[in-house]
Amino acid sequence: MINKIMTADEAVAGVKDGMTIMVGGFLGTGSPEVIMDALVRKGVKHLTVIGNDGGLPVGTYGAKTARGIGKLLEAGMVDHIIASHVGMNPLIGDGMVAGTLKCTLVPQGTLAEKLRAAAYGLGGVLTPTGVGTPVQMELDELGREKKVVEIEGKKYLFEMPLRADYAFIRPTVADKFGNYYCSKTTKNFNYVMAGAAEHTIIAPEKIVEINEIDPDYFAVAGVLVDAIVEGEKKWQI
């Protein structure tokens, strides 16, 4: 069996300037902090980042460091963020005003389904969310006007799959093959992002031997995981 376990720095070695990455977590809850730190050390620039939000800035809940995607924004590594909720990180608004950061807002459920479509090889999804609003006026990922499809008298927006070069995910427990599960609210986007990127990297809080835990307990199959990063600290916010 191929050894998937490596350091965070080894796991992000292939990330290059201008790539698109997706990061699990919800306002820092369930984000792979050890991988975010490694990306900051690597110093890649001009990233497009997909996530629920922009993480948290320094000082939130008394934190001495930024959390999740907030670390990448603080380091000036992001050119474009695709997210659902950005109000908790003022760096995003500042960047939009200054013209240094592009922000694409996607309704949360739509964002999840666009990721799921990418992971499952679908051509896109239909959703009524956003019909007749500014969301409909935005161009799709190929720069085209969004299609409106009418089915049985009801209108839907056609939303394309959302893919990335890398997905960075934080499970609670994973085995050495990469089968994993996430506890409680850390599930968030840490499940739907698996398989939606060319490379899926996980940073579990705990790594166990294969068959140490009943395989039925895991929510995501290790066949989707390319690398397992050691060193993630116990989750807290």
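So, here's what we can say about the structure. Everything numeric here is computed off the predicted structure, so don't read it as measured data. (Residues numbered from 1 in each chain as written. Predicted model: local features only at pLDDT ≥ 70, side-chain atom pairs only at ≥ 80, totals over all residues. Heavy atoms only, no water.)

1. Observations regarding empty space enclosed by the protein
All told, the structure shown has one cavity of 30 Å³ or more when counted by the stated rule. Roughly 30 Å³ of internal volume is contained in the largest cavity. Val23, Gly24, Gly25, Gly28, Ser31, Asn52, Asp53, Gly55, Gly68 and Ile69 together form the lining of the largest cavity. Class assignment of the residues belonging to the lining of the largest cavity gives a composition of two nonpolar, seven polar and one charged. (1 Å grid on protein atoms, 1.4 Å probe; cavity = no way out; pocket = protein on both sides within 12 Å on 5 of 7 lines; lining within 4 Å. Points joined across faces, edges and corners; volume = space filled by probe spheres on them. Nonpolar A, V, L, I, M, F, W, Y, C, P; charged D, E, K, R; others polar.)

2. Observations regarding the sheet that holds strand E4 (residues 78–83)
Spatially, E1-E14-E12-E9-E2-E3-E4-E5 is the arrangement adopted by the eight strands of the open sheet, whose pairing is parallel. Taken across any chain shown, the strands that pair with only one partner, and hence form the sheet edges, are strand E1 (5–6) and strand E5 (102–105). Pairing of strand E3 (residues 47–50) with E4 involves four bridges; the strand directions are parallel. Bridging from a neighbouring strand, Ile50 pairs with Ile82 of E4. Against the sheet, helix H2 (residues 33–42) makes contact with strand E2 (20–23), strand E9 (164–169), strand E12 (197–202) and strand E14 (227–229), and its axis sits at roughly 135° relative to E9, the strand it touches most. (Pairing = 2+ DSSP bridges. Helix = DSSP H or I, 4+ residues; strand = E, 2+ residues; numbered from the N terminus. Contact = heavy atoms within 4.5 Å. Axes fitted to C-alpha atoms, helices over the stretch in contact; angles between N-to-C directions.)

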